[in-house]
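Overview (structure and organization)
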Amino acid sequence: MEPDPIDPDRPQLVIVEDDPAFARTLARSFEKRGYAVRQAASPEALEALLAAQDFAYAVVDLKLGTASGLTCVHMLHERDPDTRIVVLTGFASIATAVEAIKLGAAHYLAKPANTDDIEEAFGRH
């Protein structure tokens with residue numbers, strides 16, 4: 001089934017998260033704030049989305065099953081260096097935070113992070 005067309009007048013956001021309940025909750029919250037949201041649960045799913053469109057914003061979980069969210073940060077930044085990427089993790093460490101920022105993330109937040117925290121982090125440089 002094809003996803004609904006994205007409204008080009010709304011900010012485009014992709015959520016890369018392998019926890020379906022958390023991804024749905026986050027998506028609903030951002031949709032209520034006016035974002036057009038797509039979801040991916042893996043680097044491969046993100047790659048498929050990126051083949052069709054660009055995103056102004058991205059929320060990426062650091063740990064995606066056996067994959068690393070850093071791969072997704074790299075893909076997003078390579079596709080569009082202006083994408084505002086926020087990395088979420090339940091396993092915060094300085095080393096991974098530094099790596100995420102080097103790869104193009106705007107900010108790095110420890111879980112649990114809410115929509116307010118993430119939206120505020122989008123604005124940080």
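To keep things clear, this report deals only with the structure shown in the data block. Just so you know, these numbers come straight off a predicted model, no measurement behind them.

Here we look at the overall build of the protein chain
On a plain count of helices and strands, the protein chain comes out with five helices and seven strands. Along the protein chain, helices (α) and strands (β) appear in the sequence β-α-β-α-β-β-β-α-β-α-β-α when read from the amino end. Its C-alpha atoms give the protein chain a radius of gyration of 13 Å, within 12% of the compact-globule value 14 Å for 125 residues. Taken along its principal axes, the extent of the C-alpha atoms in the protein chain is 40 × 25 × 25 Å. Counting only residues that meet the buried cut, the protein chain has 42% of its 125 residues in that class. Of the accessible surface of the protein chain, which amounts to about 6,800 Å², a share of 54% is contributed by carbon and sulfur atoms. When the 12 positive and 20 negative side-chain charges of the protein chain are each reduced to one mean point, those points stand 5 Å apart.

Topic: the packing of helix 1 (residues 20-32) against helix 5 (residues 115-122)
Two numbers describe how helix 1 lies on helix 5: the axes approach to 10 Å, and their chain directions differ by 65°. Considering the relative orientation of helix 1 and helix 5, their crossing is right-handed. Contacts between helix 1 and helix 5 pair Leu-26, Ser-29 and Phe-30 from the former with Thr-115, Ile-118 and Phe-122 from the latter. In the contact of helix 1 with helix 5, the residues fall into four nonpolar, two polar and no charged.

Section: the sheet that holds strand 3 (residues 57-61)
Pairing within the open sheet is parallel, and its five strands lie in the order 2-1-3-6-7. Only two strands of the sheet have a single partner each, and these edge strands are strand 2 (36-40) and strand 7 (107-110). Between one strand axis and the next, the sheet turns through 20° on average, direction left out of account. Pairing analysis gives five bridges linking strand 3 to strand 6 (residues 84-89), with the strands arranged parallel.

Let's talk about the packing of helix 2 (residues 43-52) against helix 3 (residues 69-79)
Running from N to C, helix 2 and helix 3 point in directions that differ by 15°, and their axes come no closer than 10 Å. Viewed along their axes, helix 2 and helix 3 adopt a mutual orientation that is roughly parallel. For the crossing formed where helix 2 meets helix 3, the hand is right-handed. Residues Pro-43, Leu-46, Glu-47, Leu-50 and Ala-51 of helix 2 form the contact with helix 3, whose own contacting residues are Thr-71, Cys-72, Met-75, Leu-76 and Arg-79. Its residues placed into classes, the contact of helix 2 with helix 3 shows seven nonpolar, one polar and two charged.

Thoughts on the packing of aromatic side chains
Scanning the model with the defined rule gives four aromatic pairs in all. A centroid spacing of 5.0 Å and a plane angle of 90° characterise the contact between Phe-30 and Tyr-35, whose relative ring orientation is edge-to-face. You'll find Phe-30 and Tyr-35 in the same group, each marked buried. One aromatic cluster is present, built from ring pairs that chain together Phe-30, Tyr-35, Tyr-57 and Phe-122.

Parameters and conventions
- Residues numbered from 1 in each chain as written.
- Predicted model: local features only at pLDDT ≥ 70, side-chain atom pairs only at ≥ 80, totals over all residues.
- Heavy atoms only, no water.
- Helix = DSSP H or I, 4+ residues; strand = E, 2+ residues; numbered from the N terminus.
- Rg over C-alpha atoms; globule rule 2.2 N^0.38 Å.
- Buried < 20%, exposed > 50% of the residue type's maximum accessible area, 1.4 Å probe, protein only.
- Areas by Shrake-Rupley, 256 points an atom, 1.4 Å probe, with all protein chains shown as cover.
- Lys, Arg positive; Asp, Glu negative; His and termini not counted.
- Charge placed at Lys NZ, Arg CZ, Asp CG, Glu CD.
- Axes fitted to C-alpha atoms, helices over the stretch in contact; angles between N-to-C directions.
- Left-handed = near helix turned anticlockwise from the far one by under 90°.
- Contact = heavy atoms within 4.5 Å.
- Nonpolar A, V, L, I, M, F, W, Y, C, P; charged D, E, K, R; others polar.
- Pairing = 2+ DSSP bridges.
- Parallel < 35°, antiparallel > 145°, perpendicular 65-115°, else oblique.
- Phe/Tyr/Trp six-rings, centres within 6.5 Å; stacked < 30°, edge-to-face > 60°.

Fair warning: the whole summary comes from geometry, so function is off the table for now.
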